[in-house]
Amino acid sequence: MRVTPELRPSSASFLREQRSVIPLPGKTIAEKIFSAHSGTDAHAGDIVVADVDFVMGQDGTSPLAIRALERMGVEKVFDPAKVALVMDHSSPSPIEGVSALHTIMREFGKKTGAKIYDVGCGVCHQLIPEAGHVVPGDLMVGCDSHTCTYGAVNVFSTGVGSTDGAAAMASGKLWFKVPDSMKVTYEGALQPGVFSKDLILYLAGQIGADGATYEAIEFHGAVIDELSVDARMTISNMAIEVGAKAGLMKADAKTLAWYAGRGERVPAPVDPDADAVYAKSLTFDATAIGPQIAKPHAVDNVSPIEEVVGTPIAQGYLGTCTNGRLEDLKIAADILRGKKVHADVRFIVAAASKQIFLDAMEAGYIRDLVEAGAIIVTPGCGPCVGTHNGVPSDGENVISTANRNFKGRMGNSNAFVYLGSPATVAASVIEGKITDPRKYFG
Amino acid sequence: MKFSGTTHKYGRDIDTDVIIPARYLNTSIPEELAKHCMEDLDAGFVGKVQPGDILVAEENFGCGSSREHAPISIKAAGVSVIIAKSFARIFYRNAINTGLPIMESPEAVDAISDGDLLSVDADTGTITNETTGASFQAQPFPPFIKDMIEQGGLVESVKQKLLR
């Protein structure tokens with residue numbers, strides 16, 4: 001890792017104070033998006049009130065937002081076409097309490113005209129970009145911490161709590177502190193059997209769970225340019241795991257091609273200026289990075305896979321807003337085709353959306369996975385948040401493609417969750433122990 | 001606002017999943033959420049916390065999920081104020097929005113042990129460890145946030161703006 005302390009935040013704020021005296025340098029993606037949405041010349045450290053292009057909530061957080069709107073005395077949302085509520089965290093409902101929350105959401109949708117994605121549609125962080133609700137250059141907030149996912153398509157998207165979400169649903173505006181930015185560059189090339197998940201786990205291991213707190217990360221470099229949009233989303237999705245407010249990437253030809261046929265909105269890509277000021281710049285050589293594993297019970301407790309190979313597992317999980325996309329299902333299907341999941345392992349799979357489920361069926365990946373022994377559950381968050389669909393038993397180890405392995409995350413505080421790429425999970429469920437996937441990439 | 005109470009001290013990176021596990025998010029009633037507060041980290045917490053007690057933690061308190069149920073459950077469990085070396089970004093906003101006082105003071109955290117009796121003046125930012133006699137000054141809120149708190153929080157401030 002090379003660290004370039006171009007300008008510390010304190011010197012950036014010094015420059016801000018001197019802006020009338022010294023011409024300011026260029027802007028980061030975050031500063032440009034906040035300038036455009038607040039009608040101000042926004043720089044890191046400024047507090048702005050900005051217009052949001054979209055607001056989203058899920059079934060864990062929306063009921064509290066609806067209640068906050070009631071307390072505000074608000075009967076309608078600022079623009080029904082710019083608000084969506086998604087039932088994905090406990091979907092279909094596993095318990096009557098959640099059923100009641102789902103009813104509150106459906107009734108809110110009928111009353112306000114906000115878009116409702118009901119059970120089975122998929123995970124919010126796949127649905128929102130997939131439907132074209134947000135496009136490059138947008139600013140949006142979601143009542144879910146992994147809202148940072150759409151940074152991969154050049155949207156400044158960030159997670160907020162329910163009361164902040166309610167304020168944005170009511171007014172179409174929210175206050176923000178314009179964040180300092182950290183520039184993370186991946187040079188070199190990914191080696192066979194190594195994936196974008198390994199890159200972001202590696203970063204978490206390097207800078208820790210609060211390594212980018214209050215900052216926006218900008219991801220750059222030849223390796224990012226080479227990745228598909230699916231693979232880029234895996235990286236931006238986990239920006240929050242190092243505390244970041246957003247995980248932004250430039251929009252390129254691949255991004256714009258990905259948007260073809262996804263609604264009427266016109267992308268307005270935002271590039272950083274060449275002389276933008278970053279609080280910190282980190283450069284990694286991806287060529288030297290192998291498969292990575294986050295060990296229990298912290299996402300930054302990361303090791304190269306060699307250190308944990310052979311750890312027995314009782315359950316594997318492929319899915320989530322991190323790794324439940326078509327490319328992820330393909331990677332796993334390619335490894336598992338014609339093979340069998342180990343007799344002592346339950347292998348649970350959830351596509352990130354109904355569309356991905358259909359596409360994976362069409363491509364034959366679902367058949368490959370089921371024939372190998374996988375259990376397919378409803379598109380949604382499923383076992384990742386521990387509400388249903390595969391709560392592990394006491395003492396069991398799980399290998400998962402999710403983004404979090406906190407104690408109790410999958411519903412049992414006496415279980416142990418390891419995080420890895422879809423290839424690592426697929427290779428591991430065959431052998432019943434954590435397995436280096438590079439053997440399948442000769 | 002002045003608080004005094006016994007310290008319950010925890011480590012760094014206390015995530016919202018251990019503060020209130022997702023399996024209990026089938027309700028948004030504060031008293032119900034309070035019953036499971038900190039359960040996956042310290043199953044004895046709910047049994048020992050007294051009204052007015054103070055949570056003290058190292059860096060990055062409240063990291064992870066955006067669930068507002070986390071500050072709601074801590075407040076409903078009786079905690080008067082959280083003092084940490086730093087807070088995760090979303091939790092920081094959620095605590096302000098739900099009316100749970102929070103203070104950042106690395107020096108105070110280093111000088112407070114589990115079980116110490118503290119008194120806190122949230123208006124001046126003064127933290128006094130009554131057990132040791134040491135006193136500390138927390139970082140003040142930025143003026144924008146102070147104004148919002150004075151208006152009665154985000155709900156009130158939106159209400160006032162929309163009615164105007």
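Residues numbered from 1 in each chain as written. Chains lettered and ligands numbered in written order. Predicted model: local features only at pLDDT ≥ 70, side-chain atom pairs only at ≥ 80, totals over all residues. Heavy atoms only, no water.

A. Local environment of the state of the cysteines. Scanning the model with the defined rule gives zero disulfides over all chains in all. Cysteine Cys124 of chain A is unpaired, with the sulfur of Cys381 of chain A as its nearest cysteine sulfur at 5.9 Å. (Disulfide = S-S within 2.5 Å.)

B. Expanded view of the domain arrangement of chain A. Residues and elements named next belong to chain A. Here the domain parsing of chain A yields domain 1 (27–50 + 177–288), domain 2 (52–134 + 157–174) and domain 3 (292–441). Inter-centroid distance (C-alpha atoms) of domain 1 to domain 3 is 26 Å. Taken together, the contacts link 20 residues of domain 1 with 25 residues of domain 3. It is Phe195, Lys197 and Leu201 that lose the most area in domain 1 upon contact with domain 3, and together they represent 28% of the buried surface on that side. Along the contact surface separating domain 1 from domain 3 lie one salt bridge. Notably, a salt bridge pairs Arg404 with Glu241, separated by 3.1 Å at the nearest N-O pair. Here domain 1 is connected to domain 3 by 14 residue pairs in polar contact (both at pLDDT 80 or more). Of all the secondary-structure elements, those providing two or more residues to the side of domain 1 that touches domain 3 are α7 (196–207) and α9 (229–237). (Domains from an automatic or database assignment. Contact = heavy atoms within 4.5 Å. Buried area = accessible area lost by both parts, 1.4 Å probe. Salt bridge = Lys/Arg side-chain N within 4 Å of Asp/Glu carboxyl O. Polar contact = N/O pair within 3.5 Å; in protein donor to acceptor, adjacent residues only side chain to side chain. Helix = DSSP H or I, 4+ residues; strand = E, 2+ residues; numbered from the N terminus.)

C. Broad picture of the packing of helix α12 (residues 326–336) of chain A against helix α14 (residues 365–372) of chain A. All names here are of chain A. Two elements in contact, α12 and α14, have axes whose closest approach is 9 Å; the angle formed by their N-to-C orientations is 45°. Classed by the angle they form, the pair α12 and α14 counts as oblique. Crossing angle aside, the handedness with which α12 passes α14 is left-handed. Facing α12, whose interface residues are Leu326, Leu329, Lys330, Ala332, Ala333 and Leu336, α14 presents Tyr365, Asp368, Leu369 and Ala372. When grouped by side-chain class, the residues that make up the contact of α12 with α14 number eight nonpolar, no polar and two charged. (Axes fitted to C-alpha atoms, helices over the stretch in contact; angles between N-to-C directions. Parallel < 35°, antiparallel > 145°, perpendicular 65-115°, else oblique. Left-handed = near helix turned anticlockwise from the far one by under 90°. Nonpolar A, V, L, I, M, F, W, Y, C, P; charged D, E, K, R; others polar.)

D. Main features of the interface of chain A and chain B. With 45 residues of chain A in contact, the opposing surface of chain B contributes 40 residues. Between chain A and chain B the total buried area reaches about 3,600 Å² when both faces are included, carbon and sulfur atoms providing 58% of it. Three residues stand out in chain A for area buried against chain B, namely Leu64, Trp175 and Tyr214 of chain A, and they jointly supply 18% of the buried area on that side. Counting across the chain A and chain B interface gives three salt bridges. Ionic pairing is found between Arg409 of chain A and Asp17 of chain B, a salt bridge with its closest N-O pair at 2.8 Å. Applying the counting criterion to the chain A and chain B interface returns 19 residue pairs in polar contact (both at pLDDT 80 or more). Elements with a contribution of two residues or more to the side of chain A that touches chain B: α3 (62–72), α4 (96–112), β7 (156–159), α6 (162–171) and β8 (173–177) of chain A. In terms of residue count, α6 of chain A provides more of the side of chain A that touches chain B than any other element does, five residues in total. Split into classes, the residues belonging to the side of chain A that touches chain B amount to 19 nonpolar, 16 polar and ten charged.

E. Local environment of the nonpolar core. Formed by 176 residues in total, the largest nonpolar core has its most connected members in Leu203, Phe219 and Phe347 of chain A together with Phe61, Ile74, Ile82 and Phe91 of chain B. Excluding residues within four positions of it along the chain, Phe91 of chain B makes contact with Thr16, Ile19, Phe61, Gly62, Ala70, Pro71, Ile74, Ile82, Leu100 and Ile102 of chain B. Within the second largest apolar cluster, 14 residues are counted, among which are Val81, Ile83, Val109 and Ile127 of chain B. (Core = buried A, V, L, I, M, F, W, Y, C linked by side-chain atoms within 4.5 Å. Buried < 20%, exposed > 50% of the residue type's maximum accessible area, 1.4 Å probe, protein only.)

F. Fine view of the pairing of strand β3 (residues 81–84) of chain B. All names here are of chain B. Covered by surrounding structure in β3 are Val81 and Ile83 together with Ile82 and Ala84, the residues of both alternating faces. Considered for its hand, the β-α-β crossover made up of strand β2 (residues 54–57), helix α4 (residues 69–76) and β3 is right-handed. In this fold, the crossover linking β3 to strand β4 (residues 102–104) by way of helix α5 (residues 89–97) has right-handed handedness. (Right-handed = clockwise from strand over helix to strand, strands pointing away.)

G. Highlighting unusual backbone geometry. Residue and element names in this part refer to chain A. With omega at 0°, the peptide bond leading from Ser91 into Pro92 counts as cis. Mapped onto the secondary structure, Pro92 falls in the loop between β4 (83–86) and α4. In this model, Pro296 is joined to His297 through a cis peptide bond whose omega is -10°. Examined against the element boundaries, His297 turns out to sit in the loop between β13 (292–294) and β14 (302–304).

H. Broad picture of the sheet that holds β4 of chain A. Residue and element names in this part refer to chain A. One open sheet holds the five strands; their spatial order is β5-β4-β3-β6-β7, and the pairing between them is parallel. Sheet topology places β5 (115–117) and β7 at the edges, where each strand pairs with a single neighbour. Neighbour to neighbour, the strand axes of the sheet diverge by 20° on average, direction disregarded. Where strand β3 (residues 54–58) meets β4, four bridges bridge the pair, whose relative direction is parallel. (Pairing = 2+ DSSP bridges.)

I. Main features of the pattern of salt bridges. Across all of its chains, the model carries 30 salt bridges over all chains by this definition. We note a salt bridge from Arg346 of chain A to Glu396 of chain A, for which the minimum N-O separation is 2.6 Å. Placement of the pair is Arg346 of chain A in strand β16 (residues 346–349) and Glu396 of chain A in the loop between β17 (374–376) and β18 (397–400), with a sequence separation of 50 residues. On the basis of relative accessibility, which here comes to 33%, the residue Arg346 of chain A falls in the partly exposed class. When the shortest N-O distance is used, the salt bridge between Asp13 of chain B and Arg12 of chain B registers 3.1 Å. Residue classification places Asp13 of chain B among the buried positions, given a relative accessible area of 18%. Its relative accessible area of 39% is what places Arg12 of chain B among the partly exposed residues. Taken together, the salt bridges that share partners define one network made up of Asp210 of chain A together with Arg12, Asp13 and Glu59 of chain B.

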